[in-house]
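Each chain, letter by letter, is given below.
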Amino acid sequence: YTWEQAVSLVQKGYSKFSPYMAELFMNQVDQHRIDVPAVNGKAGGAYCHGVVPGIGPFQLLNFNGSKHDVATLAHESGHGCHFILSSCQGHLQSHPPLTLAETASIFGEMIVFRDLLDSAPSPAERLAMLMSKIDDIINSVVRQCSFDRFEELVHTSRKEGEVSHEDICKYWMQAVVQYYGEEGEVFDSYENISHLWAYVTHFHHVPFYVYSYAFADLVVGSLYGAYLKSSEGFEEKLLELLKAGGTQDFVTALSPFGLKPDDPAFWADALEAHLGGLMDEAEKLAKELGYA
């Protein structure tokens, strides 16, 4: 994809659920708030910084034209829209709580993913995209929850004194086994993975942020389900949620959508709706292609 094609896809996707957010997205593009190309010496990955109300947001991307890069643009632009909408709450309350910080970004990414999926040139390509998305959701939910468990173990241990790197590695492996089972159950080997915690920058810079990815992915699954059932009035509710910044708790913010995250069944239903639907579709397609 060219940059222009990527912008068009994200604008089209955003317009489906919120023409106003599509306008905010195009403002970020037109105002040159997005550092787009991958160049030598540039930090890897992607990031959106809200700075302070009235100044930000600004995005850093490493765009190379892949489907992943299109999805990343949709994701980071969701953050940008969120920062713009919540700026009305002022410096102290504009930043959303961690439970909602990834909501706009993942929702926008999901809508654009569905558009890309619908335009897949062949059933095999469609299956490949579905499997990639399923992996992404497992990473965002299961893996991030295991990260959170690892942080809990390390920080709790710190109450007893300094934590050695050997202990940190031990806690990492404990979390891996809790979430993925013993060696051989899911992964053939756990060799040389005990130090992988060291590369996760969130552990060092924003402790316990990782759970927000799991929260947001499941919440977006529920929000997307609500959007599919009835798109009438959805934009207004979503914009109000994003405008609230840090002024509303999680339960209050989701109540206009008829969602009750304080009910344990909400999370089970969200996981089934979000991940289960994609897996059902992938399994059906795999059988049609003779892979299963």
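The structure we're discussing is the one just above.
Residues numbered from 1 in each chain as written. Predicted model: local features only at pLDDT ≥ 70, side-chain atom pairs only at ≥ 80, totals over all residues. Heavy atoms only, no water.

Chemist: Whenever I open this one, the nonpolar core confuses me. Can you help?
Modeler: Side chains of a nonpolar character, in soluble globular proteins, are inclined to be buried together. Among the nonpolar cores identified, the biggest contains 63 residues, and Y14, M21, L73, F107 and L254 are the most heavily contacted of them. Top element by residues in this core is helix α5 (residues 103–118). It accounts for nine residues. Ignoring any residue separated from it by four or fewer positions in sequence, one finds F107 in contact with F17, V220, L223, Y224, Y227 and F234. Core analysis: the second largest hydrophobic core is formed by 18 residues, L153, V176, F203 and V210 among them. (Core = buried A, V, L, I, M, F, W, Y, C linked by side-chain atoms within 4.5 Å. Buried < 20%, exposed > 50% of the residue type's maximum accessible area, 1.4 Å probe, protein only. Helix = DSSP H or I, 4+ residues; strand = E, 2+ residues; numbered from the N terminus. Contact = heavy atoms within 4.5 Å.)

Chemist: Help me understand the layout of surface pockets in this model?
Modeler: To find leftover empty space, a probe the size of one water molecule is rolled over the atoms. Reported here for the second largest pocket is a volume of approximately 350 Å³. Of all elements in the fold, only α5, α9 (211–229) and α12 (264–288) reach the threshold of two or more residues within the lining of the second largest pocket. Of the residues contributing to the lining of the second largest pocket, the split by class is 10 nonpolar, five polar and three charged. (1 Å grid on protein atoms, 1.4 Å probe; cavity = no way out; pocket = protein on both sides within 12 Å on 5 of 7 lines; lining within 4 Å. Points joined across faces, edges and corners; volume = space filled by probe spheres on them. Nonpolar A, V, L, I, M, F, W, Y, C, P; charged D, E, K, R; others polar.)

Chemist: Could you clarify how one ought to interpret the sheet that holds strand β1 (residues 34–37) in this entry?
Modeler: The pairing of strands in a sheet happens through backbone hydrogen bonds and is either parallel or antiparallel. One open sheet accounts for three strands, arranged β1-β3-β2; its pairing is mixed. Each end of this open sheet is capped by a strand with a single partner; those strands are β1 and β2 (47–49). Each strand of the sheet is rotated relative to its neighbour by a mean of 10°, with strand direction disregarded. Pairing between β2 and strand β3 (residues 58–63): three bridges, direction antiparallel. In the strand pairing of β3, Y47 is matched with L60. Sheet strands in contact with helix α3 (residues 67–86) are β1, β2 and β3, and its direction is about 175° off that of β3. (Pairing = 2+ DSSP bridges. Axes fitted to C-alpha atoms, helices over the stretch in contact; angles between N-to-C directions.)

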